Amino acid sequence: MDQTAVEAFGNYLRSQRKLAQLTLRELSDLAEVSNPYLSQLERGLHQPSVRVIKSLARALNLSAETLLAQAAGIDAVNGTSPEGASDTEAAIRSDARLSHEQKAALLEVYRSMRGNGLGS
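Residues numbered from 1 in each chain as written. Predicted model: local features only at pLDDT ≥ 70, side-chain atom pairs only at ≥ 80, totals over all residues. Heavy atoms only, no water.

Draft legend 1. The arrangement of unusual backbone geometry in detail. Even without being a glycine, glutamine 21 presents a positive backbone phi close to 55°. For glutamine 21, the position within the fold is in the loop between α1 (3–19) and α2 (24–31). Residue classification places glutamine 21 among the exposed residues on the basis of a relative accessible area of 70%. Although it is not a glycine, glutamate 32 sits at a positive phi angle of roughly 55°. Tracing the chain through its elements places glutamate 32 in the loop between α2 and α3 (35–42). The class of glutamate 32 is exposed, set by a relative accessible area of 65%. (Helix = DSSP H or I, 4+ residues; strand = E, 2+ residues; numbered from the N terminus. Buried < 20%, exposed > 50% of the residue type's maximum accessible area, 1.4 Å probe, protein only.)

Encoded structure:
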């Protein structure tokens, strides 16, 4: 993985952590990854292992496939994740043009519509 992809993954990871409204320490506890290592991942200093990616995905309530695709620098896997996140949610989470607040608002509206049966 080239340095640009490692940095892009770090930015994506930071964005997902903020979207989940977690501090570095909270995410490191949930993912069972050391706080300094998580900080280094977010700053694009290290390429995470598959084990760490799976652990982070679980802690962030993302599909491991989505996080693995981000770590590899490729598009996310199509379909619905095992955790139930749709392509729409993945697209909202990964859109760099949206702020964290906009992503959170869009996800909330989308999930409320899906919960009310309006998305079918």
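There's more to say after this.
Draft legend 2. Molecular detail of the packing of α2 against α3. In the contact formed by α2 and α3, the axes pass within 9 Å of each other and the chain directions differ by 110°. It follows that α2 is roughly perpendicular to α3 by the angle criterion. The crossing of α2 and α3 is right-handed. Taken together, the residues of α3 that come into contact with α2 (itself represented by Leu24, Arg25, Leu27 and Ser28) are Asn35, Leu38, Ser39 and Glu42. In terms of residue class, the contact of α2 with α3 is made up of 3 nonpolar, 3 polar and 2 charged. (Axes fitted to C-alpha atoms, helices over the stretch in contact; angles between N-to-C directions. Parallel < 35°, antiparallel > 145°, perpendicular 65-115°, else oblique. Left-handed = near helix turned anticlockwise from the far one by under 90°. Contact = heavy atoms within 4.5 Å. Nonpolar A, V, L, I, M, F, W, Y, C, P; charged D, E, K, R; others polar.)

Draft legend 3. Summary view of helix α5 (residues 64–72). Buried within α5 are the following residues: Ala64, Thr66, Leu67, Ala69 and Ala71. Just past α5, the residue glycine 73 takes up positive phi, approximately 75°.

Draft legend 4. A look at the pattern of salt bridges. Taken as a whole and judged by the stated rule, the model has 3 salt bridges. Note that arginine 14 is salt-bridged to glutamate 42, the shortest N-O span being 3.6 Å. With arginine 14 in helix α1 and glutamate 42 in helix α3, the pair connects residues that are 28 residues apart, well separated along the chain. A relative accessible area of 4% means that glutamate 42 is categorised as buried. Of the charged contacts in the structure, one is a salt bridge between aspartate 95 and arginine 97, with a shortest N-O distance of 2.8 Å. One network of salt bridges, with partners in common, ties together Arg14, Arg17 and Glu42. (Salt bridge = Lys/Arg side-chain N within 4 Å of Asp/Glu carboxyl O.)

Draft legend 5. Broad picture of α2. Along α2, the residues classified as buried are Leu27, Ser28 and Ala31. One face of α2 carries all of its buried residues, which in axial projection span an arc of 100°. Opposite the packed face of α2, turned more than 90 degrees from it, sit the exposed residues Arg25 and Asp29. Glutamate 32 lies just past α2 and shows a positive phi near 55°. (Arc of directions from axis to C-beta.)

Draft legend 6. Structural detail: the nonpolar core. Grouped together as the largest cluster of nonpolar side chains are 19 residues, with contacts concentrated most on Leu13, Leu27, Leu38, Leu41, Leu56, Leu60 and Leu67. Contributing elements (two or more residues each) for this core: α1, α2, α3, α4 (50–60) and α5. It is α4 that provides the largest number of residues to this core, a total of 6 residues. When neighbours within four sequence positions are excluded, leucine 41 is seen to be in contact with Gly10, Leu13, His46, Gln47, Pro48, Val52 and Leu56. (Core = buried A, V, L, I, M, F, W, Y, C linked by side-chain atoms within 4.5 Å.)

On their own, these measurements won't tell you what the molecule is for.
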